[in-house]
Amino acid sequence: MGTPFARLEPLLFVALALAIGVYGLSAPVVAAAALGMLVLVTRASGKRRHALAFLVIFVALLGAFVARRQVRAHEAKRRDLVTRLGAPRRCEGDGTVVTSPVVHRSADGVSVRLVVDAQELICDGPGDAALPPIIEEFGTIRVQIHGHGADAEDARRGDRVHFIADLAAPTRFLFAELPDPRWSEAARGVLLSGGALDVLRTGRGVTPGGLVDALRNSVRARISATFSADTDGFARALVLGENDLAPDDDRAFRDAGLSHLLAVSGMHIVLVVAGLVRALAWLFARIVPLAARYDTQKLAAACGIPLTILYADFAGGSGSAWRAAVTASLAFLMTALGRRAPALRHLAAAPLLLSLGNPLVVTDVSFQLSAAATFGLLVFARPMTALLKRIVPLQQLAGLVGLVEPLATTLAATIPTVPLLARLGGRLPLLAVPLNGIAVPIGELAALPICLVHLLAGPIPPLEQGLATAGGGALRLLVPLARFGADAPGWNVPPPTPLQGAALALAALVAVARFAPPTPDAPALLSPGQKRALTTGIVALFAVVAGAEIAILGKGRGELVVTHLDVGQGDATLITLPSGRLLLVDGGGFVGSPVDPGVPIAALLRARRRDHLDVVALSHPHPDHFGGLTTATASVSVGRFWSVTGDAGATEIPPVAALRKHLEVRGASSLGPRHLCGDHPLEDGIVVRILAPCPGVHDGWSTNDNSLVFQVISPYGRALFVGDAERDAEEALVASYGSSLASDLLKVGHHGSRTSSGAPFLAAVQPRLAVASSGLRNRFGHPHPRTVTRFSEEGIPLLVTSRTGAVNVHFTAEGLRIATASEGLLAP
């Protein structure tokens, strides 16, 4: 019988090695441990195990080297552009459209997202001056613009366009504990983005991709002309892969676990192309001369390869679409050659082939979800079906017997995606499995075929309109299901840590040996005793790893840690006390933007396994400080809410009043300056001292100067938080407290504005480190050069979150220990 791993698919080892190598950029120690475990498994894999072990190590190191080089090159170019441009600049350029345009329709009109490789780019500088041409220094720059007008809507890959746009580096949130956005940015290659004032097509390109885009534009126009306004976005999502749903609908499908139905998933690609290949085989078999000379099944399979590639491109070219397309193409190729290969071999080969074009393809979330679901179908579907059929009560209910296989299939596809879904949102809907059992037939077997046939019915307008009505009706049935599932209870699952991820990868490999169906080449991998031992091993491995890390993450680490969160042009700080108690100060926010910084803050709390905030403090009622607090606290309980408008009778603007009610529902009691001023011992050795505005707000001062100002005092140092306090508040603080303001850490006031951080104030505080929270795209020029120079002249190190990402400051007996999210193997 051999070892448990004696006849596993070798390409699985190689594919896992590639993923370990790429992900090793963010967790090198864990990646090294995972690679070591994988090598040990390959040593028990039968013949040629030494060669396979060498190949696994080589692929992992090669993947790490190539991915690191690609990401670091992108980051270096981005960093230089940020230094050159800073805030958004008005730029004029010429370039070539390189990806399929994506259309978004709203009440404000139609906007088109274009990704352009700019060969010429000139941007405005300070005042009326123009910066030197950027292309001469940086070469071709990939730009993403959101344009309007006929030329933008009719754009295709290969077209030459002239544009005027306000450009800056794309917004991103960088946290050490969360998925690293630098991977996806480097994979896409976009260095600048912004809204376009004008887009003019200067030349029509004739490329294969451009012809596909012409077809997409035509199909999009026909869908919009024939589907009703409430189903137009759903149909375009299903057929073209464009996510253009209303925010409430998009959230409902995501929270219900049904979003895959309105995307071009791997299942979608397989259903469509497999249907086309079967139709071709049927047609070829009825062409007598053709059938007499060729094997029509092989001929149809050969035709399926280009059809699969073309359809994946037509449907938007997402990571999941290309993964499914390559996997299906390999299967068609084997059929056309008259050969057979295990399905797991095709699954493992897909990332390896796609990584030849882009080694970061394995970091694409849609690719990962598609691969995980396919893995589950191949490995778990049969044992899950057998398990459910052994449940006697279910078998006795004759009406449910036919649901066993669909239910088993849904469970098999869902189980491997749970860790990935936990990384994305953390909420697993409890009704996802039964709802998918209802919704999948409606979406994949009714709405999808109707919408695809609708594409061919243009020459017959009555038929086209009838199909649009029928397809829209089927899509409309999905909406109440999604809303019902979104409102149902869910299970909040924290994202796996790197170590847990490595344990899950090994468990997946073991699961293949335990559950993989037999093939002609490997009729039986394991004996019953080995299967029982492996099952026990899988459960024990993950239980030990998960339990140990949960115990560590869920408690304090015996030290004061101040985390300055990367929330763009706003402010948010998470203070962790030695016992593990948490204080969240502000929540960031973008005025007039759909970007919600509360999302990454909530994700950070999940990653740290925290479900309670002892204090939420709002320094002052400005949107860039309170905008993300509602989302950040949606899944946690709150002990107290501190704010400058918390006193009885104080006037509050409506958004802050709504925030207060939201927090009170979560258990918070509200306190204002009248009750806050003075010392608040929070635990042994830790005191929060409220310094201003005391004894209450100053009527003659601005909202910024009335910011909540406080010190956190610990045995190993002090941290001072001043909100957006400006000159008046700083002068009053120096006059009232003098040298007692001295602190090791200063949260810089007003994002580093020139109206804050005056010389007398810095002389009183004498910080060993200062941290300013600002965004790359801020139009205020924060931190102001004059303020930066002042810190430099005073010899005070200044970190800016727009450059470093989140900053962790640990107060220890040896002094301050600083860690930024931008550190590690990707650091310059």
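Residues numbered from 1 in each chain as written. Predicted model: local features only at pLDDT ≥ 70, side-chain atom pairs only at ≥ 80, totals over all residues. Heavy atoms only, no water.

Considering the environment of Val 591
Condition: Secondary structure counts use DSSP, requiring at least four H or I residues in a row for a helix and at least two E residues in a row for a strand, with both numbered from the N terminus. Whether a residue is buried, partly exposed or exposed follows from its accessible area with a 1.4 Å probe, protein chains only, as a fraction of its type maximum: under 20%, in between, or over 50%, in that order.
Mapped onto the fold, Val 591 is located in the loop between β11 (582-585) and α23 (598-607). The exposure class assigned to Val 591 is exposed, which follows from its relative accessible area of 68%. Spatially, the C-alpha atoms of Val 591 and Asp 624 are 6.9 Å apart, while their sequence positions differ by 33 residues.

Examining the sheet that holds strand β19 (residues 745-747)
Put simply, the test is: Strands are labelled as partners when DSSP assigns at least two bridges between them. Axis definition: a line fitted to C-alpha atoms, over the contacting stretch in the case of helices. Angles run 0 to 180 degrees between N-to-C directions.
Read from one edge of the open sheet, 7 strands run β15-β16-β17-β18-β19-β20-β21, paired in mixed fashion. Sheet topology places β15 (678-683) and β21 (798-800) at the edges, where each strand pairs with a single neighbour. Across the sheet, the mean angle from the axis of one strand to that of its neighbour is 20°, orientation sign disregarded.

Things to note about the nonpolar core
Rules: What is meant by a nonpolar core is a set of buried Ala, Val, Leu, Ile, Met, Phe, Trp, Tyr and Cys residues, joined one to another through side-chain atoms within 4.5 Å. It only takes one pair of heavy atoms within 4.5 Å for two residues to be counted as in contact.
Ranked by internal contacts, the top residues of the largest apolar core, which has 52 residues, are Phe 253, Leu 258, Leu 262, Ile 269, Tyr 311, Leu 475 and Leu 478. Among the secondary structure elements, those contributing two or more residues to this core are α7 (208-226), α8 (229-240), α9 (247-255), α10 (266-285), α12 (296-314), α13 (319-336), α19 (432-456) and α20 (461-487). Every residue in contact with Ile 269, bar those within four places of it in the chain, is listed here: Val 264, Ala 274, Thr 308, Tyr 311, Ala 312, Ala 321, Ala 324 and Ala 325.

Observations concerning the packing of aromatic side chains
Operational definition: Here is the rule: rings of Phe, Tyr and Trp (six-membered ring for Trp) pair when centre to centre is within 6.5 Å. Planes less than 30 degrees apart are stacked, more than 60 are edge-to-face, and the remainder are tilted.
Taken as a whole and judged by the stated rule, the model has 3 aromatic pairs. Ring centres 5.8 Å apart and planes at 50° place the aromatic pair Phe 234 and Phe 253 in the tilted group. Taken together, the residues Phe 234 in helix α8 and Phe 253 in helix α9 connect sequence positions 19 residues apart. This pair shows no difference in class: Phe 234 is buried, exactly as Phe 253 is. Judged by centre distance (6.2 Å) and plane angle (35°), the rings of Tyr 311 and Phe 314 are tilted. Note that Tyr 311 and Phe 314 are positioned in helix α12 at a spacing of 3 residues, about one turn of the helix. You'll find Tyr 311 and Phe 314 in the same group, each marked buried.

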